Amino acid sequence: MKSTLYLKFIIIYIIFGFLSLFTVATLTSGLVSEPLKKNVSSAVYQEANMVATNYLPQYFSGHTSLANVRTQLSGIETHLNAAVWFVDRGGNLITSAQSEDFPPAPYKIEDFNPAEVGGNQYISGDYHGYFSKNVLTVIAPVVCGYTPKGYLLIHKSTDDIEQMHDLFMRVSYISLIVIFILSFVILLAFQFFVYRPLRKITEAAKQYATGNLDYEIPVNTEDEMGYLSASLNYMSSQLRDMEDYQKKFVANVSHDFRSPLTSIKGYIEAMADGTIPAEMQEKYLKIILFETERLTDLTHDLLTLNEFDTKNLLLDKTGFDIHEVIKNVAASFEGICTQRKISIELIFASKYLEVTADKRKIQQVLYNLLDNAIKFSDTDSCITIETTNRGDKVYTSVKDYGIGIPRNALNKIWERFYKTDLSRGKDKKGTGLGLAIVKEAIQAHGENINVVSTEGVGTEFIFSLPKS
């Protein structure tokens, strides 16, 4: 990061400075010079044309003297800081006015050509070598009796234009320096508000890639960088939780598989080597069958949960009578309920009540809840299954009057492999996955399931489904 992104911004900043300086020194200088010359020459030409039209013709008509003309030209010279020549048609000097900065006017302008200006208002140069430095020369004809009798020539030094040009360029350079300093402030702002947080985020990504999920990015702002940092911190915490969950999951699966397998192996070895006599083998074969059923249930539950975890679960939603499903599930427990003298009471909101859901998944939910209720109910007790119709929802309740769930365990019963201390005495065959499957199935439908329980009184599970 240090040798790439930040270095690129420094290089771009330096290139920007050089390009800006080059642009001001070349393009701006050329753009300013010509407009200044045109502006100054236009003002001089207007002055010359005004005097040549309104005042100097009176000299040729005899209405003013040469002394008055010389006074007028001196005023122009002082006003424009220029050399002013008044010549006749042949280029012979009539009178002139110039300061000490200009050489004296020649008595005759050699090769005088008043048309050499052409379509321009001025010509630039040393004007036939009469000046040692460049001047702007404008020529205005003095017309008397519809005929040019003479010409007024004004030579303006380019030093004044160059001074104006230099002043403008100094202002441009100062503005450029100010812009460059402001852009440096922007670069510093990028350093503090973008680059440094980005380095921390990059470092966090490296730490996460190497497996260090405990690394945390400090969040000091509430902008996009702060949001990204907080999101990465949340992601790392979720990954840590997932890693802990995976370790716990593998440990629980290993334990739940190892216990029955160890029991099965021990009994089989005892029967094989004659430790268990033939007349007692039936008893231990039933134990082996019981442990095998535990393994079968555990494998089935793990496969069911895997369906939900893959996120590819496709629900086959149809409309069906929830009461019919409840009756069928309750009937499947008739044998064990008769054996334990447990009754199941069905309280339905109406004769028929249709919902839209995956029928097979809801059957499994009801089976797991009812199986759970029977396991933790006392002999000669009752289990109530009740439906309620509220608006566009159907609520189904499975309530038992068994041992209940401790308050500190209510939030943990949905965790996989979790068993309360009270359940360990009654639930010998349970895998600890039943309620996890129930919650996954209900949430897959976009619905909710809640539990209300009091230790020693009983437990009630209530879940919702959309009404057809």
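Note that the structure is a prediction, hence the values are computed from the model and not measured.

What to know about helix α11 (residues 434-444)
Logical step 1: For α11, the set of buried residues is Leu-435, Ala-436, Ile-437, Val-438, Ala-441 and Ile-442.
Logical step 2: Positive backbone phi, approximately 80°, marks Gly-446, located one or two places after α11.

Let's talk about the sheet that holds strand β2 (residues 93-97)
Logical step 1: Judged by pairing direction, the sheet is antiparallel, and its five strands sit side by side in the order β2-β1-β5-β4-β3 without closing on themselves. In the strand order of this sheet, the two ends are held by β2 and β3 (123-125), each with one partner. When strand polarity is set aside, the average angle formed by the axes of neighbouring strands in this sheet is 25°.
Logical step 2: Pairing analysis gives four bridges linking strand β1 (residues 82-88) to β2, with the strands arranged antiparallel. The residue bridging Trp-85 from the neighbouring strand is Ser-96, located in β2.

Description of the packing of helix α9 (residues 359-375) against α11
Logical step 1: In the contact formed by α9 and α11, the axes pass within 9 Å of each other and the chain directions differ by 145°. As α9 runs across α11, the sense of the crossing is left-handed. The residues of α11 that touch α9, namely those facing Ile-362, Gln-364, Val-365, Asn-368, Leu-369 and Asn-372, are Gly-434, Leu-435, Ile-437, Val-438, Ala-441 and Ile-442.
Logical step 2: A class-by-class count of the residues in the contact of α9 with α11 yields eight nonpolar, four polar and no charged.

Thoughts on the packing of aromatic side chains
Logical step 1: Scanning the model with the defined rule gives eleven aromatic pairs in all.
Logical step 2: Taken together, a centroid distance of 6.2 Å and an interplanar angle of 65° make the contact between Trp-85 and Tyr-127 edge-to-face. One end of the pair, Trp-85, is in strand β1; the other, Tyr-127, is in the loop between β3 and β4 (135-144), with 42 residues separating them in the sequence. Exposure class is identical for Trp-85 and Tyr-127. Each is buried.
Logical step 3: Members of the aromatic cluster, each reached through a chain of ring pairs, are Trp-85, Phe-102, Tyr-127, Tyr-130 and Phe-131.
Logical step 4: Sitting over the ring of Phe-102, Lys-133 keeps its end group 5.8 Å from the ring centre.

A look at α9
Logical step 1: Here α9 spans 24 Å end to end across 17 residues, near enough to the 24 Å set by a 1.5 Å rise per residue.
Logical step 2: Taken as a whole, α9 has its buried residues at Lys-361, Ile-362, Gln-364, Val-365, Leu-366, Asn-368, Leu-369, Leu-370, Ala-373 and Ile-374.
Logical step 3: Looking at where α9 begins, the residue whose side-chain oxygen comes 3.2 Å from the main-chain nitrogen of Arg-360 is Asp-358.

Points about the packing of helix α7 (residues 322-332) against α9
Logical step 1: Packing of α7 against α9 brings their axes to within 10 Å, and their N-to-C directions diverge by 45°. As the angle between them shows, α7 and α9 are arranged oblique. Every pair of crossing elements has a handedness; the one defined by α7 and α9 is right-handed. Residues Ile-322, Val-325, Ile-326, Val-329, Ala-330 and Ser-332 of α7 form the contact with α9, whose participating residues are Lys-359, Ile-362, Gln-363, Leu-366, Tyr-367 and Leu-370.
Logical step 2: Class assignment of the residues belonging to the contact of α7 with α9 gives a composition of nine nonpolar, two polar and one charged.

Calculation criteria
- Residues numbered from 1 in each chain as written.
- Predicted model: local features only at pLDDT ≥ 70, side-chain atom pairs only at ≥ 80, totals over all residues.
- Heavy atoms only, no water.
- Buried < 20%, exposed > 50% of the residue type's maximum accessible area, 1.4 Å probe, protein only.
- Helix = DSSP H or I, 4+ residues; strand = E, 2+ residues; numbered from the N terminus.
- Pairing = 2+ DSSP bridges.
- Axes fitted to C-alpha atoms, helices over the stretch in contact; angles between N-to-C directions.
- Left-handed = near helix turned anticlockwise from the far one by under 90°.
- Contact = heavy atoms within 4.5 Å.
- Nonpolar A, V, L, I, M, F, W, Y, C, P; charged D, E, K, R; others polar.
- Phe/Tyr/Trp six-rings, centres within 6.5 Å; stacked < 30°, edge-to-face > 60°.
- Lys NZ or Arg CZ within 6 Å of the ring centre and 35° of its normal.
- Expected span 1.5 Å × (residues − 1).
- Polar contact = N/O pair within 3.5 Å; in protein donor to acceptor, adjacent residues only side chain to side chain.
- Parallel < 35°, antiparallel > 145°, perpendicular 65-115°, else oblique.

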